[in-house]
Amino acid sequence: MQMSRRQFFKISAAGLGTSGLVMMGAYSGEAHAEVRAYRLSRARETRNTCTYCSVGCGVLMYSLGDGAKNAKAEIIHIEGDPDHPVSRGALCPKGAGLLDFIHSPGRLKYPEVREPGSKEWKRISWEEAIHRVAKHMKADRDANLVEKNAEGVPVNRWLSTAMLTASASSNETGILTQKFMRSLGIVATDAQARVCHGPTVSALASTFGRGAMTNSWVDIKNADFILVMGGNAAEAHPVGFRWAIEAKKQRGARLIVVDPRFNRTAAVADHYVPIRVGSDIVFLGGIINWLIKNDKIQWDYVKAYTNASAIIQEGYGFDEGLFSGFDAEKGAYDKKTWNYELDDKGIAKVDPTLQHPRCVWNLLRQHYARYTPEVVADLTGSPIEGFELVCKHLGETCTPDKVGTILYALGWTQHTTGAQNIRTMAMIQLLLGNIGMPGGGVNALRGHSNIQGLSDLGLLSTSLPGYLPLPNEKQHTTLDAYLTANTPKTLRDGQLNYWGNTPKFFISMMKWFWGDKATKENNWGYDWLPKWDKMYDVLHITELMYQGKINGFVVQGFNPLASFPDAHKVRDAFSKLKYMVIIDPIATETSTFWQNHGESNDVDPSQIQTEVFRLPSTCFAEEDGAIVNSGRWLQWHWKGAEPPGEAHSDQEIIGELFVALRDLYRKEGGKGAEPVLNVSWPYANPKAPTPEELAKELNGRALADIPDPADKSKVLVKKGEQLPGFAALQDDGSTLCACWIFSGCWTQAGNQMARRDNTDVGLGNTPGWAWSWPANRRILYNRASCDPAGKPWDATRKLIAWNGERWAGADVPDFKVDSPPEAGMNPFIMNPEGFGRLFCTDKLVDGPFPEHYEPMETPLGTNPLHPKVVNSPAVRIFKSDRERLGKHTEFPYVGTTYRLTEHFQFWTKSVRLNAIAQPEQFVEISEVLAKEKGIVAGDWVKISSKRGFIKAKAVVTKRMKPLTVNKQTVHQIGIPLHWGWETVAQKGYLTNILSPAVGDCNTQTPEYKAFLVNLEKA
Ligand code: SF4
């Protein structure tokens, strides 16, 4: 009899516990498994989700000590959940080390303070910690809140205290944090999304209508061709990547990797093509040109579903690296010509013959005609054969029965052209008809376990939940102005234009913010929301701190000293703060930025006057709640143990702080007290709102009977009931909903996120597992998987189809379910014209078509495509950062950062198993460069940029090769980023000492992937 360890455990847990010894005797070959099964048979099993990456693998946690009075449950074992449809019991080296994360020596146990100028921590009580922090916050807010701007517009903006929010905390923590921050007027706030996938949201939303991964992990198995570029899925998302391997096994899919380094994904690919970092748009623009020249276009799809036929306004143009409308003084574009020509009814004009010289198709052709294979090879360093191989395989997917997908991550986002890198690929997928298709899409592989959810909840400077913008002080001075600006008019007849429902989403959210205090008469509390004047992203926040203009910094589950670019500038900026509050389960370098760690952090604590509070929080294993994986699945998880020491959940910490602040305003009054006193805080224990209370608010409920729109005499939802989904939202104050896209996650039928039916209903689709936004749809834009007549393009990939009455199939239609094909509604229902956009109109700040610009630190010193415009003209950079840029003459090599399978960012250096697997800091250099510099494997080397240096061991490898670019040799150096001084591994340097503080034009995501360095033997 053969059985897996898991089967064995199931049997013994089902009642064979006492016969376990007999079993041991009978199956001596299974002795190892039997010993562990015996241990676990006394344990309680709790289901959770891996806390690291956005694959969202299921885990089973086993804890002991839950039975007896006063006994504290402790987790003793963690393994993969075999029922999970994505991970199916597997865990990567990080997931396998989760137990060591929970029990890390770096876990924080007690509130502490580092007094100004001190060299050490002092333990304090929670009471003292909350009281002192609340006092700081109130004093700073009273002194600096801007209640009205110079024009007299209420803005309720508090800029002198900034806040960073967590990336692995639950949605429930995220939404409570959103309410806490905005009621106080915090606008200088940012999240991990900024430094990771901000450009994804910008690029995909401006092309398809939503800024998220289009398909799902399991769906990758349906692809015929997989391109991995701008990412390293086998290494960064190992368990999700198994579905690419399934595509190879099941369908014979081809896998090609384009990357500066022969990485672990390349090791299992069919082909590998090297590329110079920062030249992706040349490569991808070259693909567009190749597809057009070789007529590898899915014409029926392109003509029906994209804006190829739309006519663009007269005056639009592109010349010598600049689009029309550039203002050199402002360093910004006036985008008015980047729009459709409209008829007198405001409808976009089209030319279905594609003959009009200003139709998108012809502008596209002209724009990319410059990107020939020779130019591609010359600027990217990729061999022409490799480039053409990618073109050939991608091109083959232009037929309806062949589908290709793209897996990418931060290799595309972390550039000054981050959003445009991604947009180029989104355009390619439209040209090939691969969007909406099973096995297709643009698969943005999100990083952190809940950064998708926390982006959805709008924890960014100018955002609100559900991708609603925070009001702007100039454009949205009144509620009417806000709703008019954010409720687009339909640009073509018969289109759904779902953002036309913005008033319902917004007013329902305002009822969540302000409860009964939000009335029609006071515009639902509109004036209490803060209004932004500028974008306060991580670069801007750092710059303001550096200038001494920010006094306080609340840092929740983030390690900005390690994560932000130009770490020395960040450290100097922190040194100017009056107070800093760290909320984290684990010790971070940010919390000890004031400590001297020799060369890697050479400071004098006595000279740093920042008062630092460190508040210990729970980790994933010690809380209930939901997190959202990259495929937009909201997965509920359960608490398996008590936190160590006196750690509190984030919800308790935020609750306690809020209540303390509100009490101070009640007692003392103060500036801008109204929003603080009026915000709705209806939780049974205001100091500790529960995950269930918050999750129900995320879904929303009826505040009055909601009539059925089909028959107004009937009630669709009774007062007090949970809403069935966002279609029930109202704009008259009769519904409350914290985040409209999550509506449907906790209905009258209960918690949909906790569902665990893993039945495959077709093509690997498991709609009964968890719940995905929007409306449990698993593949976005799935109407595009059918032709205009409603028939699947490929009968073997039937996802949904028109059945004569409605759209139905294996997925929830991402469409108006009863709109017949002949009505002509297009699949991109969030876009007011219904088209997928080849030309993205004025949605991005740096051009309607992607164009190649060199990284801000370029090894070429020029841009051969247009030497007068070398870098992106709309780049995000501050003066002080421009002064910290290096030149290729001084720093001749290209540095690029990345992470390793065994580690997750800066967390796992506190985890023993991972520290054992990758204990010491290293960099990768080519054999040629090593020889030139006299370096051998294992030597210590010093890598320096204009901003500082790090030292690491040299790994001399064939994985990196010099490239010939613009007739010169370019050497690239690979720099993994996991080290620091708060660690159980060998101490190391913060890699981001090297990277420059320059940002993507659209999303300000820093350019971590391409900068200039020098290299010498240390
Ligand atoms: S890190 Fe990602 S791939 Fe690895 S176990 Fe966790 S969720 Fe799965």
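Rules used throughout
Residues numbered from 1 in each chain as written. Predicted model: local features only at pLDDT ≥ 70, side-chain atom pairs only at ≥ 80, totals over all residues. Heavy atoms only, no water. Helix = DSSP H or I, 4+ residues; strand = E, 2+ residues; numbered from the N terminus. Rg over C-alpha atoms; globule rule 2.2 N^0.38 Å. Buried < 20%, exposed > 50% of the residue type's maximum accessible area, 1.4 Å probe, protein only. Contact = heavy atoms within 4.5 Å. Areas by Shrake-Rupley, 256 points an atom, 1.4 Å probe, with all protein chains shown as cover. Core = buried A, V, L, I, M, F, W, Y, C linked by side-chain atoms within 4.5 Å. Polar contact = N/O pair within 3.5 Å; in protein donor to acceptor, adjacent residues only side chain to side chain. Near = heavy atom within 4 Å. Nonpolar A, V, L, I, M, F, W, Y, C, P; charged D, E, K, R; others polar. Pairing = 2+ DSSP bridges. Axes fitted to C-alpha atoms, helices over the stretch in contact; angles between N-to-C directions. Phe/Tyr/Trp six-rings, centres within 6.5 Å; stacked < 30°, edge-to-face > 60°. Disulfide = S-S within 2.5 Å. pLDDT = per-residue confidence, 0-100. Salt bridge = Lys/Arg side-chain N within 4 Å of Asp/Glu carboxyl O. Parallel < 35°, antiparallel > 145°, perpendicular 65-115°, else oblique. Left-handed = near helix turned anticlockwise from the far one by under 90°. Expected span 1.5 Å × (residues − 1). Lys, Arg positive; Asp, Glu negative; His and termini not counted. 1 Å grid on protein atoms, 1.4 Å probe; cavity = no way out; pocket = protein on both sides within 12 Å on 5 of 7 lines; lining within 4 Å. Points joined across faces, edges and corners; volume = space filled by probe spheres on them.

Asks: How should the overall build of the protein chain be read in this particular structure?
Replies: In terms of regular secondary structure, the protein chain is built from 30 helices and 42 strands. On C-alpha atoms alone, the protein chain measures out to a radius of gyration of 28 Å, which is about the 31 Å that the 2.2 N^0.38 rule sets for 1018 residues. Dimensions of the protein chain along its principal axes, counting C-alpha atoms only, are 85 × 80 × 75 Å. Buried positions account for 66% of the 1018 residues belonging to the protein chain. Intrachain contacts of the protein chain at a sequence separation of at least 6 include 74% that bridge at least 24 residues. Accessible surface for the protein chain amounts to roughly 33,600 Å². Of this, 51% is attributable to carbon and sulfur atoms.

Asks: Honestly, the nonpolar core in this entry has me stumped. Any pointers?
Replies: Burial of nonpolar side chains together is a common tendency in soluble globular proteins. Grouped together as the largest cluster of nonpolar side chains are 159 residues, with contacts concentrated most on Met137, Phe180, Phe506, Phe553, Trp740 and Phe742. If we ignore the near neighbours within four places in the chain, the residues touching phenylalanine 506 are Leu464, Leu468, Leu479, Tyr482, Leu483, Tyr526 and Leu529. Judged by nonpolar contacts, the second largest core, of 134 residues, contains Phe208, Leu379, Ala419 and Met425.

Asks: Help me understand the side chain of threonine 610 in this model?
Replies: Here threonine 610 shows up in the loop between strand E22 (579-584) and strand E23 (611-616). Note on threonine 610: relative accessible area 0%, which makes it buried. Reaching out from threonine 610, the side chain makes a polar contact with the backbone oxygen of leucine 577 at a distance of 3.0 Å.

Asks: How should the site of the ligand be read in this particular structure?
Replies: Neighbouring the ligand are the residues Cys50, Tyr52, Cys53, Val55, Gly56, Cys57, Leu91, Cys92, Lys94, Gly95, Pro238 and Val239. Elements supplying a minimum of two residues to the shell around the ligand: helix H4 (93-96) and helix H11 (238-251). Among the residues forming the shell around the ligand, the class breakdown is nine nonpolar, two polar and one charged.

Asks: Looking at this structure, I do not really get the sheet that holds strand E24 (residues 625-628). What am I missing?
Replies: Each strand in a sheet pairs with its neighbour through backbone hydrogen bonds, running either in the same direction (parallel) or in the opposite one (antiparallel). Strand order in the open sheet formed by three strands is E24-E25-E32, and the pairing between neighbours is antiparallel. In this open sheet, the two edge strands, each paired with only one partner strand, are E24 and strand E32 (771-772). Sheet strands in contact with helix H7 (residues 171-184) are E24 and strand E25 (633-637), and its direction is about 90° off that of E24.

Asks: Which parts of the structure should I look at to understand the packing of aromatic side chains?
Replies: Each aromatic ring pair is specified by the distance between its two centres and by the angle formed by the two planes. For the structure shown, the criterion picks out 51 aromatic pairs. Between phenylalanine 262 and tyrosine 272, the aromatic rings sit 5.1 Å apart at their centres with planes inclined by 85°, giving edge-to-face as the arrangement. Note that phenylalanine 262 is positioned in the loop between strand E11 (254-259) and strand E12 (271-274) and tyrosine 272 in strand E12, a separation of ten residues in sequence. On the accessibility criterion, phenylalanine 262 (32% relative accessible area) is partly exposed. A relative accessible area of 25% places tyrosine 272 in the partly exposed class.

Asks: Teacher, can you tell me more about the state of the cysteines here?
Replies: The full count for this structure, using the stated rule, is zero disulfides. Distance from the sulfur of cysteine 739, which forms no disulfide, to the nearest cysteine sulfur (cysteine 737) is 6.8 Å. The exposure class assigned to cysteine 739 is buried, which follows from its relative accessible area of 0%.

Asks: Is there a simple way to think about the confidence of the model for the protein chain in this case?
Replies: Predicted coordinates in regions of low pLDDT should not be interpreted in detail. Considering every residue of the protein chain, the mean pLDDT works out to 94; 96% of them sit at 70 or more. Confidence drops under pLDDT 50 across residues 1-36; counting only partners more than four residues distant or on other chains, this segment forms 31 contacts.

Asks: Explanation requested: the pattern of salt bridges in the structure shown.
Replies: Following the criterion strictly, the structure yields 54 salt bridges and no others. Notably, a salt bridge pairs glutamate 112 with arginine 614, separated by 3.1 Å at the nearest N-O pair. In this pair, glutamate 112 sits in strand E4 (residues 112-114) while arginine 614 sits in strand E23, placing the two residues 502 residues apart along the sequence. With a relative accessible area of 16%, glutamate 112 lands in the buried category. Between arginine 797 and aspartate 794 there is a salt bridge, and its shortest N-O distance comes to 2.7 Å. Each member of the pair, arginine 797 as well as aspartate 794, is classed as buried. Overlapping salt bridges bring together Glu45, Arg47, Asp81, Asp83 and Arg756 as one network.

Asks: Please clarify how the packing of helix H12 (residues 280-293) against helix H16 (residues 384-395) should be interpreted in this entry.
Replies: Helices that pack against each other are described as a pair by the angle of their axes relative to one another and the distance between those axes. Between H12 and H16, the least distance of the axes is 10 Å, while the angle of their chain directions is 55°. As judged from the angle between their axes, H12 and H16 are oblique. Judged by the twist between their axes, the crossing of H12 over H16 is right-handed. Seen from H12, the contacting residues are Phe283, Gly286, Ile287, Trp290 and Leu291; seen from H16, they are Phe387, Glu388, Val390, Cys391, Lys392, Leu394 and Gly395. Of the residues belonging to the contact of H12 with H16, the class tally is eight nonpolar, two polar and two charged.

Asks: Got a minute to help me understand helix H6 (residues 126-144) in this structure?
Replies: Because each turn of an α-helix spans 3.6 residues, side chains separated by three or four positions end up pointing in the same direction. For H6, which comprises 19 residues, the first-to-last C-alpha distance of 27 Å matches the rise-based estimate of 27 Å (1.5 Å per residue) to within 8%. Buried within H6 are the following residues: Trp126, Ala129, Ile130, Arg132, Val133, Ala134, His136, Met137, Lys138, Asp140 and Arg141.

Asks: When you look at helix H9 (residues 198-208) in this model, what are you seeing that I'm missing?
Replies: The buried fraction of H9 is high, at ten of eleven residues. Every buried residue belonging to H9 is among Gly198, Pro199, Thr200, Val201, Ser202, Ala203, Leu204, Ser206, Thr207 and Phe208, and all of these are buried. Where H9 is buried, its residues touch helix H8 (192-195), strand E17 (404-408), helix H17 (410-413), helix H18 (418-431) and strand E18 (442-444). At the C-terminal side of H9, glycine 209 shows a positive phi close to 115°.

Asks: How should I be thinking about unusual backbone geometry in this particular structure?
Replies: If a residue is not glycine, its phi is most likely negative; likewise, a peptide bond is most likely trans. Each neighbour pair has its own omega, and for tryptophan 773 with proline 774 the value is -5°, a cis peptide bond. If you check the backbone angles, threonine 841 has positive phi at about 50° while not being a glycine.

Asks: Quick question: what am I supposed to make of the side chain of arginine 182 here?
Replies: Note that arginine 182 resides in helix H7. Buried and unpaired, arginine 182 has aspartate 190 as its nearest opposite-charge partner, separated by 8.9 Å. At 2.7 Å, the side chain of arginine 182 forms a polar contact with the backbone oxygen of leucine 460. When near neighbours in sequence (up to four residues on either side) are disregarded, arginine 182 contacts Val187, Thr189, Gly458, Leu460, Ser461, Ser463, Leu464, Leu470, Phe513, Trp528, Leu529 and Pro530.

Asks: Explain the layout of surface pockets to me, please; I cannot follow it from the model alone.
Replies: A water-sized probe, rolled over the atoms, reveals where empty space remains. In this model, the second largest pocket occupies a volume close to 930 Å³. Together, 35 residues line the second largest pocket, and Tyr498, Phe726, Ala727, Ala728 and Arg777 are the ones closest to its centre. Mapped by element, the contributors of at least two residues to the lining of the second largest pocket are strand E27 (706-708) and strand E28 (711-717). The element best represented in the lining of the second largest pocket is E27, accounting for three residues. Each residue belonging to the lining of the second largest pocket can be placed in one class, and the counts come to 21 nonpolar, seven polar and seven charged.

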